[in-house]
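Descriptive structure summary
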Amino acid sequence: MWSFETDPDYQKKLDWVIRFVKDEVEPLDYLGVQSYDVKNEKRNKAVKPLQAEVRRQGLWACHLGPELGGQGYGQVKLGLLNEILGRSHFGPIVFGCQAPDSGNAEILAHYGTPAQKKKYLQPLLDNEIVSCFSMTEPQGGADPKVFTCRAELDGDEWVINGEKWFSSHAHLASFLIVMAVTDPQAPPYRRLSQFIVPAETPGIEMIRNMPVGYHSKPGHAYLRYNNVRIPKDHMLGNRGDGFVVAQTRLGGGRIHHAMRTIGQVKKSFDMMCERVLSRETQGSLLADKQMVQEKIADSWMEIEQFRLLVLQTAWKIDKHKDYMKVRKDISAVKALMPKIFHDVAARALHLHGSLGVTPDMPFAEQVIESFHMGLADGPTEVHKVTVARQVLRDYHGTNQLFPTQYIPHLRDAAIAKLGDLIEREVAAA
């Protein structure tokens, strides 16, 4: 059966999360500290008590199975939770589900050795450390088929040389997961492998550490690996499995990102509605202007459509237990996400007038972030291509001169099938 109701017991948990995020977590966004800086004492003093409360509520790292200290929630439950957490930059950190650490933890859980899990996985799950996913490159963006960063086997060590671009949180990470070419002559999707690189390894050079848009502190590194040597057993998965290992984190990461985006977009929408009910111009409230009403209506409809697509995609993931079977839906969500965020944030900015373009309101940062969303985890165009290809697999062309729905042919077929009946009805009339 179809149902759009949340389980009453789980709704009680969500109601607690709504209050907790609003009263305790959102204020952290304005303290000027980085949520990922686990070595910052001021940050820890504010964050750790909140994390402890989340644990007491049984809501810590809910995306993980019980064997890793989580609740093993399915994607629908995670969707309902993450759309609340998305309202705050600190939300995912306080609840133990922040990217890229959540995806990197999945990789370690699947492919790490017992020693690596002990050294990195448990501290990562406990938010004692943070990590970095070092994949994209300056000359090739997110297309691994043109990557040039190499890892070559030298005795019992891998030697990594090359550059990586936009390696987020590298300056704070205790380890990096690096994607590098190990077999350049192999077929395109078998050339790459993934590695754990401890942050203290000699040869990791930070060329630049860049902010995004209005972010005051840089967090996205341009790295160069200069003869970086790591033990042979630091490969994750088998040689040539770089794409396979990456998909362990990317499918879930994209849907979780969409869930949190709903929270950000709703926050913009809430501020938009407050504004139009508070500001008067030309003798009446903004809310009374029909062009303003159109912006409110368009925003609400787009948010609801996007949210339903995200939750339906989450439901399909729960049903199939296989991201590849929901690849079309995940790509559709990823392609829609930046547009929804941009359009709603831009309308909110516009309706706040000159105040909207200043750093005193979040809208300019949100608009910039919407463009970031259109690039991270694969550009929008790539995901639209995936959607089109997946959709067209369910259709067939025709060798006939005219389309199969050519009306003259359909009319002739209908007359051949039902003509006698129609003639009798006409005669009887």
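Residues numbered from 1 in each chain as written. Predicted model: local features only at pLDDT ≥ 70, side-chain atom pairs only at ≥ 80, totals over all residues. Heavy atoms only, no water.

A tally of regular secondary structure across the protein gives 12 helices and 10 strands. Taken along the three principal axes of its C-alpha coordinates, the protein extends 95 × 65 × 40 Å. Within the protein, the fraction of its 429 residues that count as buried is 47%. For the protein, restricting intrachain contacts to residue pairs at least 6 apart in sequence, the fraction spanning at least 24 positions comes to 71%. As displayed, the protein has an accessible area near 22500 Å², and 55% of this comes from carbon and sulfur atoms. When the 52 positive and 51 negative side-chain charges of the protein are each reduced to one mean point, those points stand 2 Å apart. (Helix = DSSP H or I, 4+ residues; strand = E, 2+ residues; numbered from the N terminus. Buried < 20%, exposed > 50% of the residue type's maximum accessible area, 1.4 Å probe, protein only. Contact = heavy atoms within 4.5 Å. Areas by Shrake-Rupley, 256 points an atom, 1.4 Å probe, with all protein chains shown as cover. Lys, Arg positive; Asp, Glu negative; His and termini not counted. Charge placed at Lys NZ, Arg CZ, Asp CG, Glu CD.)

Now for the pattern of salt bridges. A side chain with one charge can pair with a side chain of the opposite charge if their charged atoms come near. By the definition in use, this model includes 20 salt bridges. Of the charged contacts in the structure, one is a salt bridge between E26 and K267, with a shortest N-O distance of 3.2 Å. Of this pair, E26 sits in the loop between α1 (8–25) and α2 (41–56) while K267 sits in helix α7 (residues 242–276), and the two are 241 residues apart along the sequence. Residue class for E26 comes out buried when judged on its relative accessible area of 12%. When the shortest N-O distance is used, the salt bridge between R56 and E53 registers 2.7 Å. Taken together, the residues span about one helical turn, with R56 and E53 both in helix α2 at a distance of 3 residues. Members of the salt-bridge network, linked through shared partners, are E26, R87, K267 and D270. (Salt bridge = Lys/Arg side-chain N within 4 Å of Asp/Glu carboxyl O.)

A separate point is the environment of E137. By the secondary structure assignment, E137 is in the loop between β1 (131–134) and β2 (150–154). For E137, a relative accessible area of 0% translates into the label buried. For E137, the contacting residues outside a window of four places in its chain are F147, T148, C149, E163, K164 and W165. A distance of 3.2 Å separates a polar atom in the side chain of E137 from the backbone nitrogen of C149. Among the polar contacts made by the side chain of E137, one reaches the side chain of K164 at a distance of 3.0 Å. (Polar contact = N/O pair within 3.5 Å; in protein donor to acceptor, adjacent residues only side chain to side chain.)

Before going further, it helps to examine the side chain of N44. One can find N44 in helix α2. Classification of N44 by relative accessible area gives buried; the value is 15%. N44 has contacts with D37, V38, K39 and P49, leaving out every residue within four places of it along the chain.

Let us now look at empty space enclosed by the protein. One pass over the structure, following the stated rule, counts 2 cavities of 30 Å³ or more. By volume, the largest cavity is sized at about 70 Å³. Lining the largest cavity are W60, A61, H63, L64, G96, Q98, D101, S102, A105, L124, L125 and N127. Mapped by element, the contributors of at least two residues to the lining of the largest cavity are α5 (101–111) and α6 (114–125). Top contributing element to the lining of the largest cavity by residue count: α5, with 3 residues. When the residues that make up the lining of the largest cavity are grouped by side-chain class, the tally is 6 nonpolar, 5 polar and 1 charged. Considering only enclosed or pocket space, the second largest cavity measures out at about 30 Å³ in volume. Around the second largest cavity, the lining residues are H63, L78, N82, C97, H256 and R260. Looking at the lining of the second largest cavity, the elements with two or more residues in it are α3 (75–85) and α7. Taken together, the residues that form the lining of the second largest cavity break down as 2 nonpolar, 3 polar and 1 charged. (1 Å grid on protein atoms, 1.4 Å probe; cavity = no way out; pocket = protein on both sides within 12 Å on 5 of 7 lines; lining within 4 Å. Points joined across faces, edges and corners; volume = space filled by probe spheres on them. Nonpolar A, V, L, I, M, F, W, Y, C, P; charged D, E, K, R; others polar.)

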